[in-house]
Amino acid sequence: MFHQRTEPAAKAAGDLLDAYRPEAAFLATPSGVVLGEGAAAVTERLEDVADLLARGTADSPAGPIAIGAIPFDTGAPGRLVVPDSVRTSPPLAESGQGDRRQRPLPGPWTMRPVPAPDEHAEGVERVLKRLAAGDGPAKVVLARSLRLSGPGTVDVGQLLSNLAWRDPAGHTFAADLPAAAGSTRTLVGASPELLVAKRGGRVVSNPLAGSAPRSADPSKDQRSAVDLLGSAKDRHEHAVVVEAVTEGLRPYCRTLDVPEPELAGTATLWHLSTRITGELRDPDTPSALLAAALHPTPAVCGSPTAAARAAIGGIEPFDRGFYTGAVGCTDARGDGEWIVSIRCADVAGDTLDLFAGGGIVPDSDPDAELAETSVKLRTLLLALGVNQPIDAPQG
Ligand SMILES: C=C(O[C@H]1C=CC=C(C(=O)O)[C@@H]1O)C(=O)O
């Protein structure tokens with residue numbers, strides 16, 4: 001039995017960002033901001049969250065909340081924490097505080113791509129051969145990583161703040177992870193992709209797949225968006241995800257609305273986006289259970305899931321860890337939201353592991369896929385204050 005303190009709601013989201021310290025948990029979404037401090041209880045599995053929350057009390061009428069992260073590998077432990085104390089605020093975009101808190105993190109940084117860029121393009125070719133064989137996956141999301149080492153302990157709070165103020169309407173998070181060799185370890189990122197949100201009897205999922213770079217030139221930017229919307233290859237890559245999410249939600253829903261894909265923009269990319277909404281058969285279905293039912297979607301793994309996962313395991317030369325998992329928050333009624341953990345870094349000590357991947361379907365081009373991952377890595381690089389090419393051979 002535990003009791004969670006709920007502190008009075010902060011007037012400004014920026015105050016919660018400023019209060020964040022490593023080992024706390026922070027989540028900002030278009031519906032609000034949560035900062036959790038301390039750990040009254042912990043579990044490793046999404047499926048256990050509802051039972052855990054039922055064992056506690058809280059000052060809040062919604063009961064205690066849990067907040068945390070699960071990894072890509074559904075068999076590996078997550079870290080979902082019921083904080084000792086919780087502070088909330090209205091969304092960052094409504095704070096009127098603007099972007100005044102951005103500061104680059106001190107460098108210099110050494111950068112090591114894993115694998116080397118040309119090896120990632122070769123990996124895409126290997127995936128294309130597997131797709132062509134016709135007896136395995138139909139889509140595979142292949143990722144690469146970039147290890148940055150800096151002059152001292154990474155200031156996770158500043159990085160989080162930079163990410164949040166660069167996109168106050170996005171999903172920005174910092175989740176405490178199982179410790180790495182004596183240092184605290186944090187998953188920090190700004191993801192555009194909503195895995196699932198549930199409030200009362202309503203459920204929403206907003207899968208993204210299919211990408212094109214943005215441009216500072218408005219006419220080029222517009223052309224990039226229009227081409228993406230009309231691209232048969234990207235629409236197919238997207239449709240695979242929408243179908244899996246729809247089928248994943250169907251058993252839980254009385255009604256489901258699946259509109260045509262539209263465009264969603266981040267600072268660096270256009271994506272194809274479908275906002276799926278539904279009414280739950282049972283309004284008490286926990287959001288954590290819905291997240292577990294959907295994860296991993298073909299936006300981060302591929303399709304069919306087992307064949308795509310096997311291809312990833314055979315080609316990617318690193319462990320994804322918490323990249324392409326999910327980060328989220330739920331209250332004791334099961335209301336909550338879970339974000340796909342992309343555009344993120346796993347930070348420990350003076351090191352950050354950045355990750356980016358892309359969906360490979362039969363018409364994908366290896367060089368274009370490599371370029372797409374480079375653009376995706378820029379979300380974190382720009383928030384760090386690093387604005388240099390990353391695909392030049394490293395000495
Ligand atoms: C796997 C990632 O992005 C996914 C989400 C949006 C678009 C994607 C794509 O176009 O390939 C990916 O499916 C990532 O950013 O690392």
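The structure we're discussing is the one just above.
Residues numbered from 1 in each chain as written. Predicted model: local features only at pLDDT ≥ 70, side-chain atom pairs only at ≥ 80, totals over all residues. Heavy atoms only, no water.

Asker: Is there a simple way to explain the packing of aromatic side chains in this structure?
Answerer: The geometry of an aromatic ring pair comes down to the distance between the two centres and the angle between the two planes. In this structure the tally under the stated criterion is two aromatic pairs. Arranged with centres 5.8 Å apart and planes meeting at 45°, the rings of Phe318 and Phe355 form a pair that is tilted. With Phe318 in the loop between helix 8 (305-315) and strand 21 (326-331) and Phe355 in strand 24 (residues 351-360), the pair connects residues that are 37 residues apart, well separated along the chain. In this structure, Phe318 and Phe355 share a single accessibility class: buried. An angle of 10° between the planes, with centres 5.0 Å apart, marks the rings of Tyr323 and Phe355 as stacked. Separated by 32 residues along the polypeptide, Tyr323 in the loop between helix 8 and strand 21 and Phe355 in strand 24 bring together distant segments of the chain. The exposure classification of Tyr323 matches that of Phe355, with both residues buried. Through pairs of rings, three or more aromatic residues link up here, namely Phe318, Tyr323 and Phe355. Above the face of the Trp270 ring, Arg214 is positioned so that its terminal group lies 3.8 Å from the ring centre. Against the face of Phe72 rests Arg320, its NZ or CZ located 4.4 Å from the ring centre. (Phe/Tyr/Trp six-rings, centres within 6.5 Å; stacked < 30°, edge-to-face > 60°. Helix = DSSP H or I, 4+ residues; strand = E, 2+ residues; numbered from the N terminus. Buried < 20%, exposed > 50% of the residue type's maximum accessible area, 1.4 Å probe, protein only. Lys NZ or Arg CZ within 6 Å of the ring centre and 35° of its normal.)

Asker: Just checking my understanding: could you explain the sheet that holds strand 15 (residues 208-213) for this structure?
Answerer: What links the strands of a sheet is backbone hydrogen bonding, and the strands pair in either a parallel or an antiparallel sense. Taken in spatial order, the three strands of this open sheet run 15-18-17, and their pairing is antiparallel. Edge positions in the sheet fall to strand 15 and strand 17 (262-265), since each of these pairs with one other strand and no more. Recorded for the sheet is a direction-independent mean angle of 30° between the axes of neighbouring strands. In this structure, strand 15 lies alongside strand 18 (residues 269-273), joined through four bridges in antiparallel fashion. Paired with Ser211 across the strands is His271, a residue of strand 18. In the packing of helix 5 (residues 218-230) onto the sheet, contacts are made with strand 15, strand 17 and strand 18, and the angle to strand 18 comes to roughly 25°. Sheet contacts for helix 6 (residues 232-249): strand 15 and strand 18; angle to strand 15, the most-contacted strand, approximately 155°. (Pairing = 2+ DSSP bridges. Axes fitted to C-alpha atoms, helices over the stretch in contact; angles between N-to-C directions. Contact = heavy atoms within 4.5 Å.)

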